[in-house]
Amino acid sequence: MRPAFVTGGSSGIGLAAAVLLAKRGHDIALFARDPGRLAAARQIILDAAPGVSVREFHVDVSDRAAVESAVAE
């Protein structure tokens, strides 16, 4: 499956985009600051699109080094 990188994916527009992309067959790399909200968002995505892969990245996207490290992972 094709990967999709979604920042701010733990709520709002970011989460809605992640759900839509997952329903369209993309594996999701979910970036957000709050680990608890990330875990909840992951479950929402998996419930909406069973079978996709969702990886959580607890990272502040304003920190370039942290983002580069997460992407390299």
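Computed from a predicted model, the values in this text were never measured in an experiment. (Residues numbered from 1 in each chain as written. Predicted model: local features only at pLDDT ≥ 70, side-chain atom pairs only at ≥ 80, totals over all residues. Heavy atoms only, no water.)

> When you look at the nonpolar core in this model, what are you seeing that I'm missing?
Residues Ala18, Ala22, Ile28, Leu30, Ile45, Val52 and Val54 are the most contacted members of the largest nonpolar core, which totals 16 residues. The next biggest cluster of nonpolar side chains, apart from the first, holds five residues, and it includes Ala29, Phe31, Phe57 and Ala70. (Core = buried A, V, L, I, M, F, W, Y, C linked by side-chain atoms within 4.5 Å. Buried < 20%, exposed > 50% of the residue type's maximum accessible area, 1.4 Å probe, protein only.)

> Would you take a moment to explain the sheet that holds strand E1 (residues 3-7) for this structure?
In a beta sheet, neighbouring strands pair by backbone hydrogen bonds and run either parallel or antiparallel. Ordered by their spatial adjacency, three strands build an open sheet running E1-E2-E3, and the pairing between neighbours is parallel. Where the open sheet ends on each side, the last strands, each with one partner, are E1 and strand E3 (54-58). The mean inter-strand angle of the sheet, taken between neighbouring strand axes irrespective of direction, is 15°. In terms of strand pairing, E1 meets strand E2 (residues 27-32) through five bridges, oriented parallel. (Pairing = 2+ DSSP bridges. Helix = DSSP H or I, 4+ residues; strand = E, 2+ residues; numbered from the N terminus. Axes fitted to C-alpha atoms, helices over the stretch in contact; angles between N-to-C directions.)

> So what exactly am I meant to see when it comes to the packing of aromatic side chains here?
The final tally for this structure, using the stated rule, is two aromatic pairs. Ring geometry for Phe31 against Phe57: centres 4.9 Å apart, planes inclined by 15°, an arrangement best described as stacked. Residue Phe31 is located in strand E2, and its partner Phe57 is located in strand E3; the two are separated by 26 residues in the primary sequence. Each member of the pair Phe31 and Phe57 is classed as buried. The structure contains a cluster of three or more aromatic residues connected by ring pairs, namely Phe5, Phe31 and Phe57. (Phe/Tyr/Trp six-rings, centres within 6.5 Å; stacked < 30°, edge-to-face > 60°.)

> What am I meant to see in the packing of helix H1 (residues 12-23) against helix H2 (residues 35-48) here?
How two helices pack is summed up by the angle between their axes together with the distance between the axes. At a minimum axis separation of 9 Å, H1 and H2 run at an interaxial angle of 30°. By crossing handedness, the relation of H1 to H2 is classed as right-handed. Judged by residue contacts, Leu15, Ala18, Val19, Ala22 and Lys23 of H1 engage Ala41, Ile44, Ile45 and Ala48 from H2. By residue class, the composition of the contact of H1 with H2 is eight nonpolar, no polar and one charged. (Left-handed = near helix turned anticlockwise from the far one by under 90°. Contact = heavy atoms within 4.5 Å. Nonpolar A, V, L, I, M, F, W, Y, C, P; charged D, E, K, R; others polar.)

> Explain the environment of Asp27 here, please?
Here Asp27 lies in strand E2. In the structure, Asp27 is positioned 25 residues away from Val52 in sequence and 5.4 Å away in space, judged by C-alpha atoms. If sequence neighbours within four positions are ignored, Asp27 has contacts with Met1, Arg2, Pro3, Ala4, Val52 and Ser53. A polar contact of 2.9 Å, which involves the side chain of Asp27, links it to the backbone nitrogen of Ser53. (Polar contact = N/O pair within 3.5 Å; in protein donor to acceptor, adjacent residues only side chain to side chain.)

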